[in-house]
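The chain contents come next:
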Amino acid sequence: MIVFDFNLETISYAKAIILIATLAIVVIWLFYYCIRLRQKNESIWRSHHASYIAYSYCIIAWIGSNAYFHTDLLVLLGMDTAIFMAKFANIASSLAFAFAFYFSCQLHAEQRKDNVYLWQRLIFSLLVTYSLCVNLQQDQTVKYVEVLGPSQFSIEFGPHTSYFFNAMLCSMLLTLFNLLAMRVNSNRLTLAKTSYMISGILVYMLSTLAIQVGMTYFLKDFSLTWLPPALSISEMMFVGYALLTSRFYSVKYIAYIGLNTLLVCMILAIPFGVIFI
């Protein structure tokens, strides 16, 4: 019983709870996605579904590794484990970018009724290889992690960090290029699908690059490192929804539903907040 209470305390922080809840939603969504594919008798191997599922696994690993930095485990397990988890988070996020790029290549190829271009396969292989090599080597991306407490840490980056982030930026631009190319001479259904995918990808990738590059690398501020993993759920839902269905809603309707949901949550949260205060 004491061990249970102790382990529960290690994750009883707001940021960690948000990330763990996000991770649970992503796992449930991925499970639902696979069930729907099985019900529709769609092939997964060598299709865009395989790269989307691989991307989802990378997102799950990325969210979990980021949640670690906002619990007491960060202090209990020390600097060496923190360095390992930082590198693991780098690998997971970069592989997510790489699989998102290859996913867009497969979608574009299926629209053209052709195979993925050879140069696109080479770029994907280079992104994966470089990500693994540069992060598995010592002191190339993460040299030191100073641990002060849960959510209170700083990372000293290695000499290859700037190149690593540039590779992620290139993969994001190539992904958007593929999705925008799909919109050329497309029907309304394809336009709606790509709009959903572009929206989800922009929220996830731009938030990741802005915070990981802008705030952590240049400003040395690590207080918002939890936000990109939490926002990654947007790409999971938007892209996955676009792949599974042919029914789409306008931006006005989505904004209307979102505003209503926010107001309901506020109405429910305020009384509870007053009671707890």
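A. Inspection of the overall build of the chain at higher detail. Helix and strand counts for the chain come out as nine helices and two strands. N-terminal to C-terminal, the α/β element order of the chain is α-α-α-α-α-β-β-α-α-α-α. Taken across its 277 residues, the chain has 44% of its residues classed as buried. Counting contacts in the chain only where the partners sit at least 6 residues apart, residues at least 24 apart contribute 73% of the total.

B. Broad picture of the nonpolar core. Residues Tyr52, Tyr55, Met197, Tyr204 and Leu243 are the most contacted members of the largest nonpolar core, which totals 56 residues. Within the residue set of this core, elements represented by two or more residues are helix H2 (14-39), helix H3 (48-68), helix H4 (73-112), helix H5 (118-136), helix H6 (161-182), helix H7 (188-218) and helix H8 (227-244). At 14 residues, the largest contribution of residues to this core is made by H4. In contact with Tyr204, not counting residues within four places along its chain, are Tyr55, Ile59, Trp62, Ser93, Ala96, Phe97, Ser232, Ser234 and Glu235.

C. View of the pattern of salt bridges. In the structure shown here, the tally under the stated rule is one salt bridge. Where Glu156 meets Lys143, a salt bridge forms, and the shortest distance between an N and an O atom there is 3.8 Å. Pair noted here: Glu156 is in strand S2 (residues 152-157) and Lys143 is in strand S1 (residues 142-149), with a separation of 13 residues, a long-range link. Among the residues examined, Lys143 registers a relative accessible area of 37% and is labelled partly exposed.

D. Region of interest: H3. Taking 1.5 Å per residue, 21 residues should reach 30 Å; H3 reaches 31 Å between its end C-alpha atoms and fits that length. Across the 21 residues that make up H3, a large majority, 17, are buried.

E. Geometry of the packing of aromatic side chains. Within the structure shown, the criterion is met by twelve aromatic pairs. Ring geometry for Trp29 and Tyr32: centres 5.6 Å apart, planes at 40 degrees, overall tilted. One end of the pair, Trp29, and the other, Tyr32, are both in helix H2, three residues apart, so they sit about a helical turn from each other. An angle of 35 degrees between the planes, with centres 4.8 Å apart, marks the rings of Tyr102 and Phe124 as tilted. One end of the pair, Tyr102, is in helix H4; the other, Phe124, is in helix H5, and 22 residues separate them in sequence. Like Phe124, Tyr102 is buried. Grouping aromatic residues by their ring pairs yields a cluster made of Tyr33, Tyr52, Tyr55 and Phe103. Stacked on the ring of Tyr117, the Lys or Arg Arg112 has its end atom at 4.0 Å from the ring centre.

F. Spatial organisation of the environment of Val203. The residue Val203 is located in helix H7 in this model. Exposure remark for Val203: the relative accessible area of 38% places this residue in the partly exposed category. Each C-alpha atom of the pair Val203 and Ser232 lies 7.6 Å from the other, and the pair is 29 residues apart in sequence. Filtering out sequence-adjacent residues up to four positions away, Val203 remains in contact with Leu231 and Ser234.

Reading guide: rules and limits
Residues numbered from 1 in each chain as written. Predicted model: local features only at pLDDT ≥ 70, side-chain atom pairs only at ≥ 80, totals over all residues. Heavy atoms only, no water. Helix = DSSP H or I, 4+ residues; strand = E, 2+ residues; numbered from the N terminus. Buried < 20%, exposed > 50% of the residue type's maximum accessible area, 1.4 Å probe, protein only. Contact = heavy atoms within 4.5 Å. Core = buried A, V, L, I, M, F, W, Y, C linked by side-chain atoms within 4.5 Å. Salt bridge = Lys/Arg side-chain N within 4 Å of Asp/Glu carboxyl O. Expected span 1.5 Å × (residues − 1). Phe/Tyr/Trp six-rings, centres within 6.5 Å; stacked < 30°, edge-to-face > 60°. Lys NZ or Arg CZ within 6 Å of the ring centre and 35° of its normal.

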